[in-house]
Amino acid sequence: MDRNSEIVKFIRELYKKPEGFLPLHEPRFIGNEKKYINECIDSTFVSSVGKFVDRFEEMVADYTGAKKAIVCVNGTNALHLALHLVGVEANDEVIAQPLTFIATANAISYANAHPVFIDVDMDTMGLSPTKMEEWLKQNTVIKLDGCYNKTTKRRIKACVPMHTFGHPVHLDELVDVCNRYKIELVEDAAESIGSFYKGKHTGTFGKIGIISFNGNKTITTGGGGMFLFNDVELAKFTKHLTTQAKVPHQWEFVHDNIGYNYRMPNINAALGCAQMENLPLFIKRKREVAQQYKEFFATLGVKFMAEPENTQSNYWLCAIALDNFKDRDNFLKYSNDNGVMTRPVWRLMNKLKMFENCQTGDLSNAEWLEDRIVNITSSVLI
Ligand SMILES: *Cc1c(COP(=O)(O)O)cnc(C)c1O
C-alpha cells in the first residue's frame, strides 16, 4: 500500500468513518447548547444584552486567567479594534507573520496601517522573536516615542504574533523583544483557546489578546470573538467602544466616541456558555488524537508538527510536513478525492496581491512550511 492510502486509511479508522465525507473540523454540540438557546429565546433577550453575554465573558476570563474578557462579533473585528486600542494609527507599521490566516493582515489594513512580514520559527510556525530582533536591529532606530523604520520613516507601533494551529509562539522571547523596541504586543490567539505557554494561557501575554469562535474553531458561537485583558480599565473602555460608545443614561442617547456595533448577541453567547462547559473535555480529546497521529506518522517517517517545548497546544488543526511541494499536492489530491478533507497551509500573505508590496524580512522558514504543510482531520473525537 502506498503512503497516501495508508494515511487516509488510518484517519478513517481513527474517526470510525469507513466511508463518506470526513470534514477537516466539525463543531460538537454535546452539552447544554439547546437548553441554553431555548432559555435565551424564552427570556426574549436574544440580542446584545442578556445574562449569557456576561456569563460567557466570566467563563472565558476564568478559564484563561485574563483579568477581564469582553465579547465581540468575531475575531477579525476584535483584532481591528485591538490594534486601534493599543494606539496603532494611520500610516504606522505593524509586524505580522506571513504564515497566517488573512484576517490578521486585513485587520492591520482596516487600521490604515502597513504590515511588515517577519519570518516564523520552524517549531512553532509562528512569529520568530529571533528573526524579528535581527530585522529590527538592522532596519530600525528607537526614538523617545517609539521604534522607527529607517527605510520608510514610519513608526512600528505593534506586532501581532499568531499561535498557528494552536501551537504557542516563543512568548517570553517575544515579550522581551517588544519591550526593548517599544512595540505593543497584540496576540492573535484566534486559534489557540486551550493552549498554554509555560502554564499561562495564550492571549494573556500582550496588552490585548483575541480569540475567535467561528464555526471551524475549537469551540464555536456560530460566529464570535473575545478580547482578553490584564488591564481592567482598558477592558471597560473596550466594552464601551464595542457597544456604540453610549453614555449610560436612563433615556438620553449621548455618545462620547466613534463607537462600533461589535456586540455579540446573547443567543450566540448562550451557545458559547454551553461550549465552554465542554472545553476541557474537547482539549483532552484533541490532544489524544494528536498523540495517536504522532505515533502513527513516526512509523511512516513523516514529520508531525508536535507542540513546541514548554507549551501545551490545543492541537486545533493537526498538521504534517511532507517532503516537498509535489508530495504535498499528491497527498492533497488523493485524500480529497477519497472523501477525507485535507488542506494546505494558507498562501503566504506577502504573495497575495493586496500585500505583495509590503516590506518583509527573510522568509525562508515560512516558505519551507508553505510548500509542505497539510492539515488533516482534527475534529474532537467523541
Ligand atoms: C479564525 C481566525 C481569525 C478570525 O476570526 P473570525 O472569528 O473568523 O473573524 C483571525 N485570525 C486567525 C489566525 C484565525 O484563524
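Residues numbered from 1 in each chain as written. Predicted model: local features only at pLDDT ≥ 70, side-chain atom pairs only at ≥ 80, totals over all residues. Heavy atoms only, no water.

1. Some remarks on helix α3 (residues 51-64)
Turning to step 1, where the next piece is worked out: Here α3 is 14 residues long and its end C-alpha atoms lie 20 Å apart, about the 20 Å a rise of 1.5 Å per residue gives.
Turning to step 2, where the next piece is worked out: Regarding α3, the residues found buried are Phe52, Val53, Phe56, Glu57, Val60, Ala61 and Thr64.
Turning to step 3, where the next piece is worked out: After α3 finishes, the residue Gly65 shows a positive phi value of roughly 80 degrees. (Helix = DSSP H or I, 4+ residues; strand = E, 2+ residues; numbered from the N terminus. Expected span 1.5 Å × (residues − 1). Buried < 20%, exposed > 50% of the residue type's maximum accessible area, 1.4 Å probe, protein only.)

2. Observations concerning the sheet that holds strand β14 (residues 318-321)
Turning to step 1, where the next piece is worked out: The 4 strands lie next to each other as β12-β14-β16-β15, forming an open sheet whose pairing is antiparallel. Edge positions in the sheet fall to β12 (303-304) and β15 (343-344), since each of these pairs with one other strand and no more. (Pairing = 2+ DSSP bridges.)

3. Section: the domain arrangement of the protein chain
Turning to step 1, where the next piece is worked out: The domains assigned to the protein chain are domain 1 (3-27 + 279-351 + 358-376) and domain 2 (33-277).
Turning to step 2, where the next piece is worked out: Taken together, the contact between domain 1 and domain 2 spans 39 residues of the former and 49 residues of the latter.
Turning to step 3, where the next piece is worked out: For the pair domain 1 and domain 2, the summed buried surface comes to about 3700 Å²; carbon and sulfur atoms form 64% of the total.
Turning to step 4, where the next piece is worked out: Summed over the shared surface of domain 1 and domain 2, the number is 1 salt bridge.
Turning to step 5, where the next piece is worked out: Where Asp362 meets Lys131, a salt bridge forms, and the shortest distance between an N and an O atom there is 2.7 Å.
Turning to step 6, where the next piece is worked out: Linking domain 1 with domain 2 are 23 residue pairs in polar contact (both at pLDDT 80 or more).
Turning to step 7, where the next piece is worked out: At the level of secondary structure, the elements contributing two or more residues to the side of domain 1 that touches domain 2 comprise α9 (266-300), β13 (311-312), α11 (364-372) and β16 (373-376).
Turning to step 8, where the next piece is worked out: Here the side of domain 1 that touches domain 2 is built from residues that sort into 22 nonpolar, 13 polar and 4 charged. (Domains from an automatic or database assignment. Contact = heavy atoms within 4.5 Å. Buried area = accessible area lost by both parts, 1.4 Å probe. Salt bridge = Lys/Arg side-chain N within 4 Å of Asp/Glu carboxyl O. Polar contact = N/O pair within 3.5 Å; in protein donor to acceptor, adjacent residues only side chain to side chain. Nonpolar A, V, L, I, M, F, W, Y, C, P; charged D, E, K, R; others polar.)

4. With respect to the packing of aromatic side chains
Turning to step 1, where the next piece is worked out: All chains considered together, the criterion is met by 15 aromatic pairs.
Turning to step 2, where the next piece is worked out: Note on Phe117 and Phe355: the rings are 6.2 Å apart at their centroids and 85 degrees apart in plane angle, and the pair reads as edge-to-face. Here the residue Phe117 occupies a position in strand β3 (residues 114-117), and Phe355 occupies one in the loop between β15 and α11, the gap between them amounting to 238 residues.
Turning to step 3, where the next piece is worked out: The class of Phe355 is buried, set by a relative accessible area of 3%.
Turning to step 4, where the next piece is worked out: On the numbers, 5.6 Å between centres and 85 degrees between planes, the contact of Tyr197 with Phe205 is edge-to-face. An identical accessibility class is assigned to Tyr197 and Phe205; each is buried.
Turning to step 5, where the next piece is worked out: Pairwise contacts between aromatic rings join Phe10, Tyr293, Phe296, Phe297, Phe304 and Tyr315 into one cluster. (Phe/Tyr/Trp six-rings, centres within 6.5 Å; stacked < 30°, edge-to-face > 60°.)

5. Things to note about the environment of Lys153
Turning to step 1, where the next piece is worked out: Considering the arrangement of structural elements, one finds Lys153 in the loop between β5 (146-149) and β6 (155-160).
Turning to step 2, where the next piece is worked out: With a relative accessible area of 64%, Lys153 lands in the exposed category.
Turning to step 3, where the next piece is worked out: Along the primary structure Lys153 and Thr377 are separated by 224 residues, whereas in three dimensions their C-alpha atoms are 45 Å apart.
Turning to step 4, where the next piece is worked out: At 3.0 Å, the side chain of Lys153 forms a polar contact with the backbone oxygen of Lys150.

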